[in-house]
Structures are given as structure tokens and as C-alpha cells.
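# Close look at the chain arrangement
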Amino acid sequence: MKKVFSKIAVAATILLTVAGCGNGGTTASSSQSSSQASTSTSEVTSGASQQEYTDPSELKDSYDIVIVGSGGAGMAAAIQAKESGMNPVIFEKMPVAGGNTVKASAGMNASETKFQKEQGIEDSNDLFYEETLKGGGGTNDKELLRYFVDHSASAIDWLDSMGIRLNNLTTTGGMSVKRTHRPEDGSAVGEYLVDGLVRNVHEREIPLFVNADVTKINEKDGQVNGVKVTIQGEQPKDITAKAVVVATGGFGANMDMVEKYKPELKGYVSTNQAGSTGDGIKMIQELGGATVDLDQIQIHPTVQQDKAFLITEAVRGEGAILVSQEGNRFFNEMETRDKVSQAIIDLPEKSAYLIFDAGVRERVKAIDFYDEQGFVKTGDSIEALAKEIDVAPTTLKTTVEKWNKAVADKDDSEFGRTTAMDHDLSKGPFYAIKIAPGIHHTMGGVKINTNTQVLKEDGKTIPGLYAAGEVTGGLHGQNRIGGNAVADIIIFGRQAGEQSAAFAKE
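Remember, predicted model here, so these are calculated numbers, not experimental data.

Turning our attention to the side chain of R316. The residue R316 is located in helix α11 (residues 314-317) in this model. The class for R316 is buried, based on a relative accessible area of 1%. Discounting chain neighbours no more than four positions away, the residues touching R316 are H300, P301, T302, L322, E333, M334, V340, L354, R417 and A420.

Structure follows, in C-alpha cells:
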């Protein structure tokens, strides 16, 4: 199978897409994104890594299954469908594969996994369920959530079987045990996961077209039978299929949609890649598909504002604290994202600093990249760091000393933090990153059942139509737990691939 070769540094891709999202609330509309998607892949170059894409001349008129979107959910669906004996194709509207998945940082949550057991971590699916339900304010779709937790360990095994090993464990906010699975070296999960999935897509000879903008889901006699796609700006073409899987992500980069459903977020920066504009949701709505929780849009508490870059929750998960401009802690750093974000917003300056030491930096490899981008301030001592960030040295020193005592005593009497207290902050040099909340995840989307079938308002399915990942809603309720998005895309991406394959065989 012929391929078009495109040299892409994933880090460079991240920065490109962040810039596309805009800062200070600049609008990233669907039309803008479509324009960006038609950019030649040759313009996105660096020599760090190489991805292969199918030559447009290889496009066929018909496939067993069309998958719209090449993030984690889309690629997981494609691989699973192929393993189920089908001939799938992936259409990606952006110039590169990966979607928002490439920007994922913390890891993938899962319970009762072999890696937890190997490391003596006691966990259960029921505890994972209860903590996710609590984090979502009790409004999560309970059937989706039950399926999610019960299939999380097998998803870790499935990735491992393909050479994608997530055996380094940490904690995210709202979780009481280490169930966030990361690459072995502790690096951000997104680039590693996307590279592994793309490799497996190619090994299975699954065609993956980029700059392939799907604008309509076709149906005949009440059953989905393909899509209309424009590849590299050429004439639109109808591609037939026995089933369609929509994995186009959310709408966090479409500020018109964000402000429509949550006006108070006007002016916020967005961590989303430029392709996250809600296209899949709109196409499914045109077919009569139901939506749920569209007003539930998550802001992440630790976003570097100048470049709208998310600072991974693993920094706090490995021991960092948050301090105000006065140099004081002000909240439990390991609470759920909505609560930590609100605590920062309530500060006079509406921003805060992540404070950490060399030990945290050694355990979170992503910090090296943050430093390369100029986000990290450094001091040989706490007092020197305080001067770098214009905080009173004596206040910051007292704050860190008090925190170190809390770690030693395993008792945070100030704010009740009980997790991510395995290490104190005593190993110089010391570091700070200035952060504030930013738009991160759209928890609402199209309504699906546990078979990933898209539902209408009356609860009936749309035959032949499946959806997975951030394009869907209901799983996370009012607040998504860090690490659950990657689990979502893999668990339900696999399910979409399996169920669409079963439908196509009928």
C-alpha cells in the first residue's frame, strides 16, 4: 500500500495546534479549523519522528467500516475492527493523526490491573466506580460507567499486547489509589500512545487519510451507509460503508459552541487542538441523534496561559503544591479539577504557582519539555525561587517547611490532602510554573449505550452508527477525573470497533 510520508515532531504538532486554539478567548470556529485542516502536511515538519499516511490515490469507493477521526478512540476502533475481520478506513480532517489524544498528559486510569498487582497496589472496580461517580457529582451515566470500570484492566492488557506498555503508576485528583497508568519512563501518555496506535494501524495496513474532511453521514432507508468526504480540498466524494464510527472528539476549540452552552467561559484559553470543533456532534444531530450534558465543559486548573498549554496533573500527583502570589497554600491540590479550578479563580489574582523540587522533576519527564518552552522558573533554594516569582521568600519557605512536615507526619491538617504525599519537597533545585484554569474537556456530547450505538431522543438506536470518545456524553457527569479520558477513548473505542464489525457482518 502506497503511503504519503510526513515528518512530524509531536511536540511541534502540539504547539501548532495550541496556537490554533487561540489565547484569551479567540474564536476557533469550524470554518477556521477546516481551513487549517487543508494545510499541506509538508508545512508541518521537523525531523523528530515520522508518520505515514495513505496516498489519496488509494481511496476506494467502499469499505466495511468508515471511522471518522484519528485520535485514540478512532484508531482503537479501527484496530479492533480489523482484528474482528473487517476492512476499516480512517478519515482525519487535520494534517496529522492523533487529535486531542496527542496532547494527553497524566495517563490512563484503570483498576485491578496486572501492573497494580505487580506493585502491590490494592484497588477494585467498585472503588474506581464510586470515586468516578463522586467526582462527577453523581450525575454520570451509571451503565456507561459500570462498563467503563469493568473493562479498564483488559484495555491496559490490550494495549500491552500491541507494545504499548503503561506500567508506571501515579495518582490524579479525586482518586484515592495509584491507578493512573503512564509509560514506563513516566513521560506524558499522549505522544507515546499515539505513536503506538499509529504503528499498529500501519502494521495492519489500515488506510489512514489525513486532510480528509467528512462533512456528512449518509443514510438510506433509516440506516447509515457511509459518509461524504473531501480529501485535500478536492471534490466531495460519497464513500459507502456497512457501518460508521464517529470519533471526532469534542468542541473545546470551537469558542462559539463553548460560549453557547457555557457563556461564563468567554475569554478563557483552551488547551484543545484546533480540530476539536464539534463536527461529529453536529452531523449526528442532523440524523436525529440525541445529546447529553452539552453544558458540562471542564476547565483544567493548571494551564500555562501564554501558550494555553496544559501542565499535567502528574506534577501534583508526584508531590507538587499550589501557592498563591502571597506564597501560601490555599486548597487541597488533589481535589477534583472543578474544585481546584474554582479555588484558583477565587484568588485575587485568579492564578497560582505550582511549586516542586528536583525529585518531582525526575519523576515527571514532561517537565523537561515545559522547561524547554520557557514555562519553568528555577532557584537553587526556596528563597531564590521566591525572588524569581516575586513571592515573599520567608512566606514561601515557611509554606514549604510546613508542607514537608505534613508529608513526614502523613497529616495535612490545613487542607486534608491524603494522596500524592510519598515525597516531600526538599531536593534542590526548586521550580515553579505559573498557571490558571483553561478550557480542557467537553464532557457532553452525543448519547450512546454501552454498545456505543448512537441513540435518538426516544432511546432507539440509529442503525449502523456508532460513536466513541469525547464526541460522546454522559460518562463523566459534571466533572471528569484526570486519567479517565484516555481510558474512555481506548475502552469505548475498542467497543465501537467490535460492535460496528458485528453489525457489518449481519
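Attention now goes to the environment of A253. Position of A253 relative to the elements: it lies in the loop between β11 (237-246) and α9 (255-261). Using a relative accessible area of 1% as the deciding quantity, one classes A253 as buried. A253 sits 19 residues away from N272 along the chain, and the two C-alpha atoms are 5.5 Å apart.

Take the side chain of T312 next. As for its position among the elements, T312 is in the loop between β14 (309-310) and α11. One polar contact links T312 to S105, side chain to side chain, over a distance of 3.4 Å. Aside from chain neighbours lying at most four places away, what touches T312 is S105, A106, V364, A366 and Y370.

This next bit is on the pairing of strand β4 (residues 88-91). In the case of a regular strand, side chains alternate between the two sheet surfaces. Alternating positions in β4 separate into two faces, P88 and I90 on one and V89 and F91 on the other, with burial throughout. In this fold, the crossover linking strand β3 (residues 62-68) to β4 by way of helix α3 (residues 72-83) has right-handed handedness. Note that β4 and strand β8 (residues 208-209) share two bridges and pair parallel. If you follow F91 over to β8, its bridge partner there is F209.

The next subject is the packing of aromatic side chains. A complete count under the given rule lists ten aromatic pairs for this structure. Ring plane angle 50 degrees and centroid distance 5.6 Å describe the contact between F128 and F148, whose orientation is recorded as tilted. Linking F128 in helix α5 (residues 125-135) with F148 in helix α6 (residues 142-150), this pair joins segments that are 20 residues apart in sequence. Residue classification places F128 among the buried positions, given a relative accessible area of 0%. Relative to F503, the ring of Y466 lies with its centre 6.3 Å away and its plane at 65 degrees, an arrangement referred to as edge-to-face. In this pair, Y466 is assigned in strand β21 (residues 461-467) and F503 in helix α17 (residues 484-505), connecting sequence segments 37 residues apart. Accessibility expressed as a relative area gives 3% for Y466, which makes it buried.

Right, let's get into the domain arrangement of the chain. The domains assigned to the chain are domain 1 (56-296 + 443-505) and domain 2 (300-439). Distance from the C-alpha centre of domain 1 to the C-alpha centre of domain 2: 31 Å. On the side of domain 2, 24 residues touch domain 1, which itself brings 31 residues to the contact. The junction of domain 1 with domain 2 conceals about 2100 Å² of combined surface from both sides, 55% of it contributed by carbon and sulfur atoms. Ranking the residues of domain 1 by area buried against domain 2 places Y268, V269 and T271 at the top, with a combined share of 26%. In this structure, the connection of domain 1 to domain 2 is made through two salt bridges. In this structure, the salt-bridge partner of K178 is D422, at a minimum N-O distance of 3.2 Å.

On to the packing of α5 against α6, then. Where α5 meets α6, the axes come as close as 9 Å, and the angle between the chain directions of the two elements is 140 degrees. Between α5 and α6, the crossing angle belongs to the class labelled oblique. As for the relative orientation of α5 and α6, their crossing is right-handed in sense. Contacts from N125, D126, F128, Y129, T132 and L133 of α5 reach α6 at K142, L145, R146, F148, V149 and D150. Each residue belonging to the contact of α5 with α6 can be placed in one class, and the counts come to six nonpolar, two polar and four charged.

A word on the pattern of salt bridges. Two side chains carrying opposite charge are able to pair once their charged atoms lie near each other. The final tally for this structure, using the stated rule, is 29 salt bridges. Put simply, K237 and D61 hold a salt bridge, and the shortest N to O gap is 2.9 Å. Residue K237 is located in strand β11, and its partner D61 is located in the loop between β2 (50-54) and β3; the two are separated by 176 residues in the primary sequence. For K237, a relative accessible area of 32% gives the class partly exposed. A salt bridge links D157 to K114; the shortest N-O distance between them is 3.9 Å. Residue D157 is located in helix α7 (residues 152-161), and its partner K114 is located in helix α4 (residues 114-118); the two are separated by 43 residues in the primary sequence. Under the relative-accessibility criterion, D157 is labelled partly exposed at 35%. Salt bridges sharing partners connect three or more residues here, namely K114, D157, D160 and R165.

Another point: the sheet that holds strand β5 (residues 108-109). In spatial order, the strands read β5-β7-β6; together these three strands make up an open sheet with antiparallel pairing. Edge positions in the sheet fall to β5 and β6 (168-170), since each of these pairs with one other strand and no more. As paired elements, β5 and strand β7 (residues 180-182) share two bridges and run antiparallel to each other. From the neighbouring strand, N109 faces β7, where its bridge partner is T180.

A word on α3. In this model α3 runs 16 Å from its N-terminal to its C-terminal C-alpha over twelve residues, within 8% of the 16 Å that 1.5 Å per residue would give. Within α3, ten of the twelve residues are buried, leaving the element largely enclosed by the surrounding structure. By the burial criterion, the buried members of α3 are G72, A73, G74, M75, A76, A77, A78, I79, Q80 and A81. Looking at the buried residues of α3, the elements they touch are β3, β4, α7, α8 (189-203), β11 and α17. Looking one or two places after α3, you find G85, whose phi comes out positive at around 95 degrees.

Counting residues in hydrophobic clusters, the biggest one holds 100 residues, and the most contacted among them are F91, L159, L465 and I490. For this core, the element with the highest residue contribution is α17, accounting for ten residues. Beyond its immediate sequence surroundings of up to four residues, L159 is in contact with M108, I164, L166, L193, L197 and I490. Counting residues in hydrophobic clusters, the runner-up holds 44 residues, among them I321, L322, V340 and V364.

The rules behind each value
Residues numbered from 1 in each chain as written. Predicted model: local features only at pLDDT ≥ 70, side-chain atom pairs only at ≥ 80, totals over all residues. Heavy atoms only, no water. Helix = DSSP H or I, 4+ residues; strand = E, 2+ residues; numbered from the N terminus. Buried < 20%, exposed > 50% of the residue type's maximum accessible area, 1.4 Å probe, protein only. Contact = heavy atoms within 4.5 Å. Polar contact = N/O pair within 3.5 Å; in protein donor to acceptor, adjacent residues only side chain to side chain. Right-handed = clockwise from strand over helix to strand, strands pointing away. Pairing = 2+ DSSP bridges. Phe/Tyr/Trp six-rings, centres within 6.5 Å; stacked < 30°, edge-to-face > 60°. Domains from an automatic or database assignment. Buried area = accessible area lost by both parts, 1.4 Å probe. Salt bridge = Lys/Arg side-chain N within 4 Å of Asp/Glu carboxyl O. Axes fitted to C-alpha atoms, helices over the stretch in contact; angles between N-to-C directions. Parallel < 35°, antiparallel > 145°, perpendicular 65-115°, else oblique. Left-handed = near helix turned anticlockwise from the far one by under 90°. Nonpolar A, V, L, I, M, F, W, Y, C, P; charged D, E, K, R; others polar. Expected span 1.5 Å × (residues − 1). Core = buried A, V, L, I, M, F, W, Y, C linked by side-chain atoms within 4.5 Å.

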